[in-house]
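Observations on chain architecture
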Amino acid sequence: QVHVVESGGGLVQAGGSLRLSCTASGSIYSINNMGWYRQAPGKQRELVATISRGGSTNYADSVKGRFTISRDNAKNTVYLQMNSLKPEDTAVYYCNAEGFPWGPSTFNSWGQGTQVTVSS
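In this report, the structure presented in the accompanying data block is examined. (Residues numbered from 1 in each chain as written. Predicted model: local features only at pLDDT ≥ 70, side-chain atom pairs only at ≥ 80, totals over all residues. Heavy atoms only, no water.)

**With respect to the pattern of salt bridges**
What counts here: A side-chain nitrogen of Lys or Arg and a carboxyl oxygen of Asp or Glu constitute a salt bridge if their distance falls within 4 Å. Only protein chains enter the accessibility calculation, which uses a 1.4 Å probe; a residue is then buried when its area is under 20% of its type maximum, exposed when over 50%, and partly exposed in between. Secondary structure elements follow DSSP: runs of H or I of four or more residues count as helices, runs of E of two or more count as strands, with numbering from the N terminus.
Tallying each qualifying case throughout the model produces four salt bridges. Its salt-bridge partner being D61, residue K64 comes within 3.0 Å of it at the nearest N-O pair. Judged by its relative accessible area of 49%, K64 falls in the partly exposed class. Overall, D61 belongs to the exposed group, its relative accessible area being 64%. A salt bridge links R66 to D89; the nearest nitrogen and oxygen atoms lie 2.8 Å apart. Here the residue R66 occupies a position in the loop between β6 (57–59) and β7 (67–72), and D89 occupies one in the loop between β8 (77–82) and β9 (91–101), the gap between them amounting to 23 residues. Overall, D89 belongs to the buried group, its relative accessible area being 1%. Via salt bridges that share partners, R38, E46, R66 and D89 belong to a single interconnected network.

So this is what it looks like as structure tokens:
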């Protein structure tokens, strides 16, 4: 199947920055959308940002102006540049990729998650 792996999480102080990376691999014909979601303790997973293959983006209101999502289609990689981080951004960040594999099907794959902790 299609596997996605995130990296780049860590512990930073409020106001700091982190850059998350996520790479999809496996039997991929095309990836339609890639995105980042996050889940804080005791909370449901929520959308952070998504980006289509053509570059159209969608952001949660809470991160607009602070986070930037981008992708490199040739590398099947999506990035999330996070600036002006706030303690409220603390969560496990998950990468998602969906599209078509080399076969008559679709895929919707999630990464293992990477911890982002923002201290006050």
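**Quick word on a nonpolar patch on the surface**
The condition that has to hold: Residues qualify for a patch when their relative accessible area is over 30% and they have no salt bridge, like charges being joined within 9 Å and the nonpolar side chains of Val, Leu, Ile, Met, Phe, Trp and Tyr within 5 Å. Methods summary: accessible areas were calculated by the Shrake-Rupley approach with a probe of 1.4 Å, and residue burial reflects only the protein chains presented.
A cluster of nonpolar side chains, Y29, F100 and W102, forms an exposed patch at the surface whose accessible area comes to about 410 Å². Exposure remark for F100: the relative accessible area of 38% places this residue in the partly exposed category.

**Topic: the pairing of β7**
Across a regular strand the side chains alternate sides, sitting on one face of the sheet and then on the other. To be explicit about the condition: Should DSSP find at least two bridges between two strands, the strands are taken to pair.
In β7, alternate side chains face the same way, and those of F67, I69 and R71 are buried while those of T68, S70 and D72 on the opposite face are not. Where β7 folds back on β8, the antiparallel hairpin that results is connected by four residues, among which N76 adopts a positive phi of roughly 50°.

**Regarding unusual backbone geometry**
Unlike most non-glycine residues, N76 shows phi in positive territory, near 50°. Here N76 lies in the loop between β7 and β8. Here the phi dihedral of S84 falls at roughly 50°; this positive angle occurs in a residue that is not glycine. In this structure, S84 sits in the loop between β8 and β9.

**Focus: the side chain of R38**
Quick note on the threshold: In protein, a polar contact requires one atom able to donate a hydrogen and another able to accept it; more generally it is a pair of N or O atoms within 3.5 Å, and residues adjacent in sequence count only if both atoms are side-chain atoms. Contact between two residues is taken to exist if any of their heavy atoms lie within 4.5 Å; hydrogens are not considered.
Residue position: R38 is located in strand β4 (residues 28–39). When its relative accessible area of 6% is taken as the criterion, R38 is described as buried. Within the local environment of R38, its side chain forms a polar contact with the side chain of E46, the two groups lying 2.8 Å apart. Leaving out residues up to four positions away in the same chain, R38 has contacts with Q44, R45, E46, V48, S62, V63, F67, E88, D89, A91, V92 and Y93.

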